[in-house]
Amino acid sequence: MKYDEQTLLHLTKSLKSYDRMVFRSRMLVMLTEMCLIVTSLKTTEKLLSRFSGKTPTPDAKEAFIILDRYQTAFNLLKQSDGLKGRCLSQSLVMRLLLKRKGIYTDLKIGITQVNGKFDAHAWLEKGGVLINDHPSVIANYLVLPENRKHIRIN
C-alpha cells in the first residue's frame, strides 16, 4: 500500500510526538524516583500534585485512546534496561499524566511475603479495573488501606 506525502508527514509527526511523550515520561519517572528516595510518598505526591491541572473528563472513546497510549508507553518503559524507576514512581507519574488528561485513577499499594521476605508493589486502577499491570502480577498482594500508604519506602 502506498501512502501520499501528507499521510506520511502526519505519521512522522505523530511518531515524533509519541517519542517525546515517552522520553518526558521516563525523565519524570526518574525525578519522581529520586524524590521518593530523598523524601516520602506523601511529600512526593504533594509535589506531583502541583503539576496537575483541572482538565475536563474526556468522553469514553477518547479516554480509551488516551489510556491505551499511556499503557503502551509505560509498558515500553518497564521493558527497558535502564532508567525506568520502580513500580511506585512509574505509577505516580502515569497517574499524574492521566490526571492532566482528565482521567482519574487510584494508586494501589500491595504487600506480600515471599520466602520470608517482605515485598511491595504499586499499580493503578480505574473503577476497579487494573490499568498498568497484569492481574497475575498483583494476585498475591494484599492491598494496603488508603490510610496506610503514606510510609517512607526505601
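Scope of this entry: the structure provided in the associated data block. (Residues numbered from 1 in each chain as written. Predicted model: local features only at pLDDT ≥ 70, side-chain atom pairs only at ≥ 80, totals over all residues. Heavy atoms only, no water.)

### Some remarks on unusual backbone geometry
Apart from glycine, the bulk of residues carry a negative phi angle, and the bulk of peptide bonds sit in the trans form. In this structure, Asn 115 is a non-glycine residue whose phi angle is positive, near 50 degrees. Note on placement: Asn 115 falls in the loop between β1 (106–114) and β2 (117–126). The exposure class assigned to Asn 115 is exposed, which follows from its relative accessible area of 80%. (Helix = DSSP H or I, 4+ residues; strand = E, 2+ residues; numbered from the N terminus. Buried < 20%, exposed > 50% of the residue type's maximum accessible area, 1.4 Å probe, protein only.)

### Some words on the pairing of β1
Relative to β2, β1 is paired through nine bridges, and the arrangement is antiparallel. Across the sheet, Val 114 pairs through a bridge with Lys 117, a residue of β2. Hairpin connection, β1 to β2: the antiparallel pair is bridged by two residues, and Asn 115 has positive phi, about 50 degrees. Pairing of β1 with strand β4 (residues 142–143) involves two bridges; the strand directions are antiparallel. Looking at the pairing, Ile 111 lines up with Leu 142 of β4. (Pairing = 2+ DSSP bridges.)

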